[in-house]
Amino acid sequence: MASLSGKREQENTAMKEAQPNWRRFARLMAVFSYIGLIGFGGALGPIGLMETSCVKRRHWLGSEAFQEGLVIATLFPGATALQLAVYIGSLYAGPLGGLLSGISFLLPAFLLMLSLSWLYVLYGTWPIIEAGFTWIGPVVVAIIMSTLYEMGRGSLKTLVHWSIGCLACLGVLFPIFPLFINLPIILLSCGVLGMILYGRGPSPPPPTKSSSPVTLHSFVMLPLAFQAFLEGVPPLLSLAVEFFKVGFLLFGCGFVMIPFLQQELVEHLHWLTTQQLLDGIALAQITPGPFLVVATFIGYKSAGIAGALTATGAVFTPSFLLASVATPLLLRIRHSPRVKGFFQGVTPAVLGVLTASIVLLAQTTIIDGWTLGIAMISFSLLFLRRVHPAFLIGGALILGMLHVLVTPS
C-alpha cells in the first residue's frame, strides 16, 4: 500500500513537471493577485494566506520549504511578504515565475494606492478633508507605538540590547552624519557591533562559488554610491535613488523608513510636508499588501503617475533582487555566528529607530488635548481590543470632519 501511494505521488509530481509553463504562470498570477487584494494585516496577513493557498491547498511546496523561505525573507531587508512571494514563485515555475508572483502580489495594492493618491491630490486641500486628516496623525503615532511594543516585547532581552536601541534612537534624533546616510550608517554600525559582541563561535564551511555573478556583497554600497547622482538630476532619478535606498536598508518593519522619509524627503528635499507624509502613511494602512506601497503616494505627489511608478519600482527592486539572486548565498551562510550576531545588533537598532519616529511625528501631531486623547484611545484599542488600524483611521477621519463642522469659526 505504501509503495502504491509513493508511486501515485511520483506520478502526480511528474504530471506537474510536464505541465506547460504558461499554465503555471497563470496560476501564480491568479493566486498572488488574490492574495495581494485581500492581504490586509501587515506582513502577517499575506504570509498566512500564502501558506494556506500554496502549501496546504495546492501543495506547490512543502511546509519545510515554506518555513525556510520565510526565514530567508525575514533576514533580508525589504518587504518580507513580497520576498516570500518571489521565493514561492521561483520554486514553482522558475525565475520568471518568481517575478510574475511578486508583480501580481504588488499590483492590487499599487492600483488602490494610486487611486487614493489621485483622490487625495484632487480633494485633499478641501478644509473639511484637511481637518479630518489632521486627526489621523495621532492614530498613526499610536499604530507605531503598538508595533514598537509588539516587536520589543521579546527582543530587548539584555542591557546590551537596550543600550544599542537607545544609541540608535539618539542617532536619529540628533544626527551627526549627513541625513542621506545617517540611518544606513546607524543600522549597519549596530549590525557590526552585534557581530563583534555576539558573532563568536565555529563558522560553517566556506560556501562554494556561486554560479551567479552577483552576490549579496555586491549590493552593500549601491544605495550610498547612487547618492552622488542626486544633485542636479531629473526628479524621477532622484525618486528612484531615494526609494532604492529605502527598500535596501529596511529591516524589521515598514515603519523603520519613517525617520528617513521625515528627515530626507520632508526636511531636506522638501518634496512634501510632515502632514502629507502622515496622510500617506494612513492611506498605506488602509490598503492591502506591503506598507512600502506608501512610496506610490509620495511618488505621485512628487511627479504624478510617472513618479508613482518610479518610486514603487525602486523601493521594491531590492526585494526582487535579493529574493531571486542572493537566496542561495544566504541559505549557505544563515547559520554563521557572524550573520546571527549582525541581526542581534540590527534588531534593537530597529526598535530605537521606531522610538525616534514616534518622537519626530508626535512633535507635529500631538498639538492639543484632542489629539493627545485620540492617540491614547487609539493605542488602548490597538493594545487591548486588537482593533484593525483601518477602522481607527476611518473613525478619526470622520471625527475630525465632524469636529470642524460643529466648532465655531
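Structure's up top.
A brief report on the enclosed structure follows.

**A closer look at the nonpolar core**
Next up, step 1: Membership of the largest hydrophobic core comes to 103 residues, with the highest contact counts inside it found for Phe32, Met50, Ile88 and Phe243.
Next up, step 2: Here the element with the most residues in this core is helix H5 (residues 80–123); it accounts for 15 residues.
Next up, step 3: The residues touching phenylalanine 32, leaving out its near neighbours within four places in the chain, are Met50, Cys54, Trp60, Ala85, Ile88, Ser101, Ser104 and Phe105.

**A closer look at the pattern of salt bridges**
Next up, step 1: For the structure on display, the rule yields three salt bridges.
Next up, step 2: Two residues, arginine 153 and glutamate 150, come together in a salt bridge whose shortest N-O distance is 2.9 Å.
Next up, step 3: Its relative accessible area of 28% is what places glutamate 150 among the partly exposed residues.
Next up, step 4: Among the ionic pairs, lysine 245 bridges to glutamate 242, the shortest N-O distance being 3.5 Å.

**A closer look at the packing of helix H11 (residues 258–268) against helix H12 (residues 274–285)**
Next up, step 1: Relative orientation of the contacting elements H11 and H12 amounts to 145°, with a least axis distance of 10 Å. Here H11 runs over H12; the crossing is right-handed. Between H11, through Ile258, Leu261, Gln262 and Val266, and H12, the contact on the second element is made entirely by Thr274, Leu277 and Ile281.

**Here's the deal with the side chain of threonine 365**
Next up, step 1: Within the fold, threonine 365 resides in helix H14 (residues 337–365).
Next up, step 2: For threonine 365, a relative accessible area of 3% translates into the label buried.
Next up, step 3: At a separation of 2.9 Å, a polar atom in the side chain of threonine 365 contacts the main-chain carbonyl oxygen of leucine 361.
Next up, step 4: Apart from the residues within four sequence positions on either side, threonine 365 is in contact with Gly137, Pro138, Val141, Leu278 and Thr371.

**What about the packing of helix H7 (residues 159–173) against H14?**
Next up, step 1: Close contact between H7 and H14 brings their axes to 7 Å; oriented N to C, the two are set at 45°. With respect to H14, the element H7 is oriented oblique. Judged by the twist between their axes, the crossing of H7 over H14 is right-handed. Facing H7, whose interface residues are His161, Ile164, Gly165, Ala168, Cys169, Val172 and Leu173, H14 presents Gln344, Gly345, Pro348, Ala349, Gly352, Val353, Thr355, Ala356, Val359 and Leu360.
Next up, step 2: Of the residues contributing to the contact of H7 with H14, the split by class is 11 nonpolar, six polar and no charged.

**Focus on the packing of aromatic side chains**
Next up, step 1: All chains considered together, the criterion is met by nine aromatic pairs.
Next up, step 2: Between phenylalanine 379 and phenylalanine 383 the ring centres are 5.9 Å apart and the planes differ by 0°, which places this aromatic pair in the stacked class. Taken together, the residues span about one helical turn, with phenylalanine 379 and phenylalanine 383 both in helix H15 (residues 369–385) at a distance of four residues.
Next up, step 3: In this structure phenylalanine 379 comes out as partly exposed when scored by relative accessible area, which is 23%.
Next up, step 4: Within the aromatic cluster, the residues linked to one another by ring pairs are Tyr120, Phe133 and Phe297.
Next up, step 5: Sitting above the plane of the tyrosine 92 ring, arginine 24 keeps its charged end 4.7 Å from the centroid.
Next up, step 6: Positioned above the aromatic ring of tryptophan 60 is the side chain of arginine 58, whose terminal nitrogen or guanidinium carbon lies 5.9 Å from the ring centre.

**Describing empty space enclosed by the protein**
Next up, step 1: Counting across every chain of the model gives three cavities of 30 Å³ or more.
Next up, step 2: Reported here for the largest cavity is a volume of approximately 100 Å³.
Next up, step 3: Taken together, Leu183, Pro184, Lys245, Val246, Leu249, Leu250, Val256, Met257 and Phe260 form the lining of the largest cavity.
Next up, step 4: Counting only elements with at least two residues in the lining of the largest cavity, the list comes to helix H8 (179–198) and helix H10 (235–248).
Next up, step 5: Its residues assigned to classes, the lining of the largest cavity shows eight nonpolar, no polar and one charged.

**As for the layout of surface pockets**
Next up, step 1: Counted as a void, the largest pocket has a volume near 1400 Å³.
Next up, step 2: Contributing to the lining of the largest pocket are 45 residues, with Gly42, Ala43, Leu44, Thr147 and Cys253 lying nearest its centre.
Next up, step 3: Take the lining of the largest pocket: its biggest share by element is five residues, from helix H6 (residues 127–152).
Next up, step 4: In terms of residue class, the lining of the largest pocket is made up of 27 nonpolar, 16 polar and two charged.

What counts and how
Residues numbered from 1 in each chain as written. Predicted model: local features only at pLDDT ≥ 70, side-chain atom pairs only at ≥ 80, totals over all residues. Heavy atoms only, no water. Core = buried A, V, L, I, M, F, W, Y, C linked by side-chain atoms within 4.5 Å. Buried < 20%, exposed > 50% of the residue type's maximum accessible area, 1.4 Å probe, protein only. Helix = DSSP H or I, 4+ residues; strand = E, 2+ residues; numbered from the N terminus. Contact = heavy atoms within 4.5 Å. Salt bridge = Lys/Arg side-chain N within 4 Å of Asp/Glu carboxyl O. Axes fitted to C-alpha atoms, helices over the stretch in contact; angles between N-to-C directions. Left-handed = near helix turned anticlockwise from the far one by under 90°. Polar contact = N/O pair within 3.5 Å; in protein donor to acceptor, adjacent residues only side chain to side chain. Parallel < 35°, antiparallel > 145°, perpendicular 65-115°, else oblique. Nonpolar A, V, L, I, M, F, W, Y, C, P; charged D, E, K, R; others polar. Phe/Tyr/Trp six-rings, centres within 6.5 Å; stacked < 30°, edge-to-face > 60°. Lys NZ or Arg CZ within 6 Å of the ring centre and 35° of its normal. 1 Å grid on protein atoms, 1.4 Å probe; cavity = no way out; pocket = protein on both sides within 12 Å on 5 of 7 lines; lining within 4 Å. Points joined across faces, edges and corners; volume = space filled by probe spheres on them.

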